[in-house]
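Structure at a glance
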Amino acid sequence: MLVLKFGGTSVGSIKNMINVKNIINDGQKKIVVLSAMSGTTNTLVSLSEDIKNGNFDQALATITSLRANYDTTINALITNPEIYKSVFVYVSNVFNTLEASINKLHTTLLYNQIVAQGELLSTYIFNAYLQQENINAALLPALDFMRIDKTNEPDNFYIQQNLDRVIAEKPDAQIYITQGFICRNAEGEVSNLQRGGSDYTATIIGAVVKAEEVQIWTDIDGFHNNDPRYVDNTQAISNLSFDESAELAYFGAKILHPQTVMPVSAFDIPVRLKNTMSPDAHGTLITNQVHGEGIKAIAAKDGITAIKIKSVRMLLAHGFLKKVFEIFERYETSIDMITTSEIAVSLTIDDTTHLEAIVEELERFALVEVDDYMSIVCLVGNAIIYHADTPNLFQVLQDVNVRMISYGGSNNNISLLINTSDKLETLQKLQRYVFENGSVLV
Ligand code: ADP
Ligand code: ASP
Ligand code: MG
């Protein structure tokens, strides 16, 4: 079995939906995971915010304009009158339900129910389109099999049992369409795998069905060596290892949800990144094989807060670090980067939910400084810390204001903490020095 995931842009226009149909309609049995049409989830998130803040007029206007977009899409895509009728009823129900939610008390559950509508709409519409085109497809409702446990990890046993069950109910279908991103939580309520989570859905399913390959189809021809949103002349990387791609995704490469490769790497199931708009381009193949050496790619993650904790006595006084880490553990706040000196330890977090309480506890035995609006720039490549050219990096960075460096924590990663306001310049400089002509590295 193959698992193919198509992102928001891939299902975001009639033209691209036709591309998707052509890609999947090759006679092979497969599971197709779809995101919401591009822009929909962002709109649903802001709708939910408006409801929360009591901006009901704005909320209603948002629903009206989104409804109009969907009406236009289904009018153009669904030409069969019978099928159109059912799609129209489904879409109208979704928007009527959204309107009814304006008067409801805003809770996490309501938020989750609102943002789930994007994937429910795209899959319903796309499956109806496939029926119209006489393609042997069937819809598998993700809410009937995709579940996370109390620790927000996929409940693989439940997923396996229930995915097998829903597939067995439709044994003759060639193409199974399902929703990315959405799931149920341990209480059975509607939940999700966090923004960008459709990639994760695809690999969770891929691991459960022991797929030959998971393909992530998006709007770019693979994993690039730097962030194409901020840097010119980035290039697609043809091969990455699971570890390299996991580090890059975790440290901000938006092309993949941070957890994407986790479910499949243990089973050695390859992940292939492909461009829906250019299906013949090679893309990127992610496997357990390591190709090439030196710095492969650079990524940046924003929204980082740095905390400097200075011991009032000596840092390495027995038990000091333990006391520090226990506080972060108690507040379930994970630490990304850490550096130490004799009298201070600096670390970074991206979840500031409990920052105030953490600082208050640290201040009982240390001096604490907090800096926000920081970014981690992460350079990744197999064994880069041993590569002969890597030390040149420090020359390259002489005119960048680096707050922390993490070198040697893993063989494959060097991380720099900088002010977010310096991010663009840092990424661009690194691109020139590392990958372009006259490069002093690799
Ligand atoms: P989808 O909706 O298909 O999931 P995303 O927007 O989540 O697509 O991810 C694809 C986008 O990720 C690209 O269009 C690109 O702007 C951005 N991106 C950021 N870093 C990288 C990178 N290193 N390589 C490729 N794309 C990247
Ligand atoms: N639609 C969801 C989002 O925009 C999930 C995804 O696209 O992967 O975050
Ligand atoms: Mg994505």
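Residues numbered from 1 in each chain as written. Chains lettered and ligands numbered in written order. Predicted model: local features only at pLDDT ≥ 70, side-chain atom pairs only at ≥ 80, totals over all residues. Heavy atoms only, no water.

What follows covers the overall build of the chain. Across its full length, the chain holds 13 helices and 16 strands. When the backbone C-alpha atoms are referred to their principal axes, the chain occupies close to 75 × 50 × 40 Å. Across the chain, contacts joining residues at least 24 apart in sequence account for 75% of those joining residues at least 6 apart. A total of about 19,800 Å² of accessible surface is found on the chain, and carbon and sulfur atoms cover 48% of it. Within the chain, the 51 negative side-chain charges are centred at a point lying 2 Å from the centre of the 33 positive side-chain charges. (Helix = DSSP H or I, 4+ residues; strand = E, 2+ residues; numbered from the N terminus. Contact = heavy atoms within 4.5 Å. Areas by Shrake-Rupley, 256 points an atom, 1.4 Å probe, with all protein chains shown as cover. Lys, Arg positive; Asp, Glu negative; His and termini not counted. Charge placed at Lys NZ, Arg CZ, Asp CG, Glu CD.)

Under the feature "domain: Aspartokinase ACT" (unreviewed entry), the UniProt entry names residues 377-431. This span, residues 377-431, is 24% helix and 36% strand, and a straight line between its end C-alpha atoms measures 12 Å. (UniProt positions renumbered as here; feature names shortened; annotations may be inferred.)

Pairing within the open sheet is antiparallel, and its 6 strands lie in the order E12-E13-E11-E14-E16-E15. Every other strand in the sheet has two partners, leaving strand E12 (335-340) and strand E15 (402-410) as the edge strands with one partner each. Ignoring strand direction, the axes of neighbouring strands in this sheet form an average angle of 30 degrees. Contacts between helix H10 (residues 320-330) and the sheet are confined to strand E11 (297-311), E12, strand E13 (344-349) and strand E14 (366-380), with E13 contributing the most and set at about 20 degrees to the helix. Its contacts with the sheet place helix H11 (residues 355-362) against E11, E13 and E14, and it is angled at close to 125 degrees to E14. (Pairing = 2+ DSSP bridges. Axes fitted to C-alpha atoms, helices over the stretch in contact; angles between N-to-C directions.)

All right, on to a nonpolar patch on the surface then. There is a patch of nonpolar side chains on the surface, built from Phe394, Ile405 and Tyr407 and spanning about 250 Å² of accessible area. The partly exposed category is assigned to Ile405, whose relative accessible area is 30%. (Patch = residues over 30% accessible without salt bridge, like charges linked within 9 Å, V, L, I, M, F, W, Y side chains within 5 Å. Salt bridge = Lys/Arg side-chain N within 4 Å of Asp/Glu carboxyl O. Buried < 20%, exposed > 50% of the residue type's maximum accessible area, 1.4 Å probe, protein only.)

On to the site of ligand 1, then. Ligand 1 sits among 15 residues. The nearest are Lys5, Thr218, Asp219, His224 and Lys254. Interatomic distance of 3.0 Å between a backbone N/O atom of Gly8 and an oxygen atom of ligand 1. At a separation of 2.8 Å, an oxygen atom of ligand 1 approaches a polar side-chain atom of Asp219. Considering ligand 1 on its own, with 570 Å² of exposed area, one finds that the protein chains cover 87% of that surface. Looking at side-chain class alone, the shell around ligand 1 contains 4 nonpolar, 6 polar and 5 charged residues. (Near = heavy atom within 4 Å. Polar contact = N/O pair within 3.5 Å; in protein donor to acceptor, adjacent residues only side chain to side chain. Nonpolar A, V, L, I, M, F, W, Y, C, P; charged D, E, K, R; others polar.)

The next subject is the sheet that holds strand E2 (residues 30-34). Spatially, 8 strands are ordered E3-E4-E2-E1-E7-E9-E10-E8 in an open sheet, and the strand pairing comes out mixed. Both edges of this open sheet fall to strand E3 (137-140) and strand E8 (239-241), since each of them pairs with a single strand only. Here the strands of the sheet are splayed against their neighbours by 20 degrees on average, with no regard to which way each runs. With 3 bridges joining them, E8 and strand E10 (residues 284-287) adopt parallel strand pairing. Note that in E10 the partner of Asn239 across the bridge is Leu285. Sheet strands in contact with helix H8 (residues 242-250) are E8, strand E9 (271-275) and E10, and its direction is about 85 degrees off that of E8.

So, on to the pattern of salt bridges. Applying the stated criterion across every chain yields a total of 17 salt bridges. Across the salt bridge formed by Glu99 and Arg67, the nearest N and O atoms sit 3.3 Å from each other. Pair noted here: Glu99 is in helix H4 (residues 81-101) and Arg67 is in helix H3 (residues 56-77), with a separation of 32 residues, a long-range link. For Arg272, the salt bridge is made with Glu213, and the minimal N-O distance between the two is 2.8 Å. Of this pair, Arg272 sits in strand E9 while Glu213 sits in strand E7 (residues 213-218), placing them 59 residues apart in sequence. For Arg272, a relative accessible area of 23% corresponds to the partly exposed category. Looking at Glu213, the relative accessible area reads 12%, which means it is buried.

Here helix H2 (residues 40-52) is 13 residues long and its end C-alpha atoms lie 18 Å apart, about the 18 Å a rise of 1.5 Å per residue gives. Of the residues making up H2, those classed as buried are Thr40, Thr41, Leu44, Leu47, Ser48, Asp50 and Ile51. Where the residues of H2 are buried, they touch H3, H4 and helix H5 (108-132). With its phi angle positive at about 75 degrees, Gly54 sits one or two positions after the end of H2. (Expected span 1.5 Å × (residues − 1).)

Next up on the list: the environment of Thr260. Examined against the element boundaries, Thr260 turns out to sit in the loop between H8 and helix H9 (262-265). We classify Thr260 as buried; its relative accessible area is 1%. Remark: the alpha-carbon pair of Thr260 and Ile309, spanning 49 residues in sequence, is separated by 33 Å. Excluding residues within four positions of it along the chain, Thr260 makes contact with Asp199, Tyr200, Thr203 and Ile216. A polar atom in the side chain of Thr260 sits 2.6 Å from the backbone oxygen of His257.

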